[in-house]
Amino acid sequence: MTTTTLERVSEEQSGNKTKTKRVLLLKPRGFCAGVVRAIDIVQIALETFGAPIYVRKEIVHNSYVVTDLAKKGAIFVNELDEVPEGARVIYSAHGVSPAVREAAKQRGLKVIDATCPLVTKVHVEAIKFAKQGYSLVLVGHRDHEEVEGTQGEAPDVTQVVSTVEEVAALVVPDPNKVAYLTQTTLSLDEARYMIEALKNKFPNIIGPHAQDICYATENRQTAVKNVAHGADLVLVVGSRNSSNSNRLVEVSKNLDTNSYLIDTADAIQPEWLEGVNTVAVTAGASAPEVLVKDVVEYLQAMGYGSVDEVEVMPENVRFGLPPEIVQAIASAPPVGR
Ligand code: SF4
């Protein structure tokens, strides 16, 4: 594999677009800091305490990751009443509502919180705005666990919207006292559009100091935006229920470049490649690199001999482990003694 620059991709696109069958491997792609941290937490918990370790919901939205951790002894449950009283449970990277935290306390569960710090930041904003007497509008997908958790911080004053029609239909007690927040994994363009609609409806609306869409979502979308115009097809490695992965497909399609979301290389349909010279490959924030490698190998076997990595921007974010797991590691006897 070689590396190439955005400038070279652009030159080829504007002038003599290459007819060589090739793969452009976008960077950054795949695991974000929140996902690395969440998976590390489950692995360390399994190594420190031994199986079984319960995990509420999928630790991150990727079937390969969940299956792998389940093989190592993690038990994934939908709700805490499936966890035996007093057992150890990990909250997923998407966060939980205070009602879930209370339920864990009632059942005497030993909790390890793998909520991404960038999701926690949105929870803190929700609590702050609600305490200040604002009605809250949360832009996001109401069936997503992250949105359920954030809404749960101030359920009486929070309304979730995902379309401009829903913005138009909003009714609040005081239109001059409204604040908005967003899910961390939205499309940047869609969020901008929704926030504009909110500002038109509530001219005095306030929002977070820094946007809630996280760095990983933004960087992966920016990479697709920069390269999609030079590709005939964009393949996004990620699971169906991964919000940020779905957004990458949308970003590409909005630029008129065909795109598919694939869990693994097996999902690629050979007819997608008909007449396709350049395939751009990226991965959502919860998709492991091993699956990207499989996709590249599949494409190479299909005649895409040249593989260039295109780094659109550097990304070096890391999050520390939560205090409960640091303390647990320090105080727990090693497994087997
Ligand atoms: S996608 Fe963003 S918010 Fe979600 S876990 Fe990764 S860094 Fe955190």
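Predicted, not measured: the structure shown is a model, and the values here were computed from it.

This part covers the environment of Asn176. Following the sequence through the fold, Asn176 ends up in the loop between helix 7 (164-168) and strand 9 (178-182). Asn176 sits 19 residues away from Val157 along the chain, and the two C-alpha atoms are 14 Å apart. Within polar-contact distance, the side chain of Asn176 engages the side chain of Asn204 at 2.8 Å.

Turning our attention to the domain arrangement of the chain. As far as domains go, the chain holds domain 1 (2-32 + 214-311), domain 2 (33-116) and domain 3 (118-201). The C-alpha centroid of domain 3 is placed 26 Å from the C-alpha centroid of domain 2. With 13 residues of domain 2 in contact, the opposing surface of domain 3 contributes eleven residues. A combined buried area of about 860 Å² lies between domain 2 and domain 3, and 53% of that area is made up of carbon and sulfur atoms. Our count for the contact surface shared by domain 2 and domain 3 stands at one salt bridge.

With that out of the way, let us pick up a nonpolar patch on the surface. On the surface, Leu321, Val326 and Ile329 cluster together into a nonpolar patch covering about 220 Å² of accessible area. Within the secondary structure, Ile329 is located in helix 12 (residues 323-331).

The next thing to look at is empty space enclosed by the protein. The full count for this structure, using the stated rule, is one cavity of 30 Å³ or more. Roughly 290 Å³ of volume is contained in the largest cavity. Cys32, Val35, His94, Thr185 and Asn244 are the residues nearest the centre of the largest cavity, which is lined by 24 residues in total. Among the elements of the structure, helix 2 (33-49), helix 5 (117-131), helix 9 (215-227) and helix 10 (243-254) are those that each provide at least two residues to the lining of the largest cavity. Broken down by element, the residue count for the lining of the largest cavity peaks at three residues, all from helix 9.

Now for the environment of His209. Position of His209 among the secondary structure elements: in the loop between helix 8 (188-201) and helix 9. Between the alpha carbons of His209 and Glu125 there is a distance of 9.5 Å; along the sequence they are 84 residues apart.

What links the strands of a sheet is backbone hydrogen bonding, and the strands pair in either a parallel or an antiparallel sense. One open sheet accounts for four strands, arranged 4-3-5-6; its pairing is parallel. At either end of the open sheet lies a strand with only one pairing partner, and these are strand 4 (74-77) and strand 6 (110-113). Along the sheet, successive strands turn relative to each other by an average axial angle of 30°, direction set aside. Direction of pairing for strand 3 (residues 53-56) relative to strand 4: parallel, over a ladder of four bridges. Residue pairing across strands places Ile53 opposite Ala74, the latter belonging to strand 4. In the packing of helix 2 onto the sheet, the strands contacted are strand 3, strand 4, strand 5 (88-91) and strand 6, and the crossing angle to strand 6 comes to about 145°.

Turning to the site of the ligand, a few remarks are in order. Neighbouring the ligand are the residues Cys32, Gly34, Cys116, Leu118, Thr184, Thr185, Cys214, Tyr215 and Ala285. Here the ligand occupies the largest cavity. Tallied by class, the residues present in the shell around the ligand amount to six nonpolar, three polar and no charged. In terms of domain composition, the shell around the ligand takes at least three residues from each of domain 1 (2-32 + 214-311) and domain 3 (118-201).

Scanning the entire structure with this criterion turns up 15 salt bridges. Salt-bridge contacts for Glu79 lead to Lys57; the nearest nitrogen and oxygen are separated by 3.4 Å. Here Glu79 is found in the loop between strand 4 and strand 5, whereas its partner Lys57 is found in the loop between strand 3 and helix 3 (63-71), with 22 residues between them in sequence. You can call Glu79 partly exposed: its relative accessible area is 33%. Of the charged contacts in the structure, one is a salt bridge between Asp189 and Arg192, with a shortest N-O distance of 3.0 Å. With a gap of three residues between them, Asp189 and Arg192 both fall in helix 8, about one helical turn apart. With relative accessibility at 33%, the residue Asp189 sits in the partly exposed group. What makes Arg192 partly exposed here is its relative accessible area of 47%. The network of salt bridges with common partners includes Arg29, Glu289 and Glu309.

Here we take up the sheet that holds strand 9. Taken together, the three strands give an open sheet; going across it, the order is 8-7-9, and neighbouring strands pair in parallel fashion. Each edge of the open sheet carries a strand with a single partner, namely strand 8 (158-161) and strand 9. Across the sheet, the mean angle separating the axes of adjacent strands is 25° when strand polarity is ignored. Relative to strand 8, strand 7 (residues 135-139) runs parallel, the two sharing four bridges.

Here is what the cut-offs are and how they apply
- Residues numbered from 1 in each chain as written.
- Predicted model: local features only at pLDDT ≥ 70, side-chain atom pairs only at ≥ 80, totals over all residues.
- Heavy atoms only, no water.
- Helix = DSSP H or I, 4+ residues; strand = E, 2+ residues; numbered from the N terminus.
- Polar contact = N/O pair within 3.5 Å; in protein donor to acceptor, adjacent residues only side chain to side chain.
- Domains from an automatic or database assignment.
- Contact = heavy atoms within 4.5 Å.
- Buried area = accessible area lost by both parts, 1.4 Å probe.
- Salt bridge = Lys/Arg side-chain N within 4 Å of Asp/Glu carboxyl O.
- Patch = residues over 30% accessible without salt bridge, like charges linked within 9 Å, V, L, I, M, F, W, Y side chains within 5 Å.
- Areas by Shrake-Rupley, 256 points an atom, 1.4 Å probe, with all protein chains shown as cover.
- 1 Å grid on protein atoms, 1.4 Å probe; cavity = no way out; pocket = protein on both sides within 12 Å on 5 of 7 lines; lining within 4 Å.
- Points joined across faces, edges and corners; volume = space filled by probe spheres on them.
- Pairing = 2+ DSSP bridges.
- Axes fitted to C-alpha atoms, helices over the stretch in contact; angles between N-to-C directions.
- Near = heavy atom within 4 Å.
- Sits in = over half its atoms within 2 Å of the grid points.
- Nonpolar A, V, L, I, M, F, W, Y, C, P; charged D, E, K, R; others polar.
- Buried < 20%, exposed > 50% of the residue type's maximum accessible area, 1.4 Å probe, protein only.

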